[in-house]
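Structure at a glance
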Amino acid sequence: MVKGTTSFGKHSKGKTHIRCRRCGRQSYHITKKRCAYCGFGESSKIRKYSWMPYR
Ligand SMILES: [Zn+2]
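Because the structure is a prediction, the values reported are computed rather than measured. Each chain carries its own residue numbering, running from 1 in the direction its sequence is written. Totals for whole chains, interfaces and linings use all residues, but because this is a predicted model, local features are given only for residues with pLDDT of at least 70 and pairs of side-chain atoms are given and counted only at 80 or more. Excluded from the side-chain calculations are hydrogens and water; all other atoms, namely the structure's heavy atoms, are used.

**Side note on the side chain of H29**
For H29, the position within the fold is in strand 2 (residues 28-29). Classification of residues uses two cut-offs on accessible area relative to the type maximum, computed with a 1.4 Å probe and protein chains only: under 20% is buried, over 50% is exposed, and between them is partly exposed. A relative accessible area of 13% places H29 in the buried class. Ignoring any residue separated from it by four or fewer positions in sequence, one finds H29 in contact with T16, H17, R34 and C35. Here a strand is any run of E in DSSP of at least two residues, a helix any run of H or I of at least four, and the numbering for each starts at the N terminus. Contacts are assigned to residue pairs with any non-hydrogen atoms lying within 4.5 Å of each other.

**Focus on the sheet that holds strand 2**
Only strands joined by at least two bridges in the DSSP assignment are considered to pair. The three strands are arranged 1-2-3 in an open sheet whose pairing can be described as antiparallel. Here the strands that pair on one side only, and so sit at the sheet edges, are strand 1 (17-18) and strand 3 (34-35).

**Considerations on the packing of aromatic side chains**
Classification of ring pairs rests on two measures: the distance between centres of Phe, Tyr or Trp rings, Trp counted by its six-membered ring, which must be within 6.5 Å, and the angle between planes, read as stacked under 30 degrees, edge-to-face over 60 and tilted in between. The full count for this structure, using the stated rule, is one aromatic pair. Ring geometry for Y28 against F40: centres 5.9 Å apart, planes inclined by 50°, an arrangement best described as tilted. Separated by 12 residues along the polypeptide, Y28 in strand 2 and F40 in the segment after strand 3 bring together distant segments of the chain. For the pair formed by Y28 and F40, the shared burial category is buried. For a ring to carry a charge above it, either NZ of a lysine or CZ of an arginine must fall within 6 Å of the ring centroid while also lying within 35 degrees of the normal to the ring plane. Positioned above the aromatic ring of Y37, the side-chain terminus of R25 is 4.1 Å from the ring centre.

**Description of the coordination of the zinc ion**
Listed donor atoms are N, O and S within 2.8 Å of the metal (Na, K and Ca: 3.2 Å). As water is not included, a site may look incomplete. Protein coordination of the zinc ion is provided by C20 (SG), C23 (SG), C35 (SG) and C38 (SG), with donor distances spanning 2.3 Å. Geometry at the zinc ion is tetrahedral, judged from its four donor atoms and the angles of 106 to 116° they form at the metal. Read in sequence order, the donor residues for the zinc ion give the motif C-x2-C-x11-C-x2-C. Of the two residues, C20 is situated in the loop between strand 1 and strand 2 and C35 in strand 3; the sequence distance between them amounts to 15 residues. Taken individually, C20 and C35 each receive the classification buried, so the pair is uniform in this respect. Working rule for geometry: tetrahedral if four donors all subtend angles between 85 and 135 degrees; square planar for four, octahedral for six, if opposite donors exceed 155 degrees and the others stay between 65 and 115; irregular in every other situation.

This is the structure:
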């Protein structure tokens, strides 16, 4: 049981991210149709960040 208020009332299960075809991460957003990590689906360019381990 939860003590007090819970803000997780609508945390229903369901996938939002699936495995990205390009970066291989579980970051491809199904409804947005873009990868949160590499930006696949949004642009043809690969999103680059310094924190990315490769490229
Ligand atoms: Zn990706």
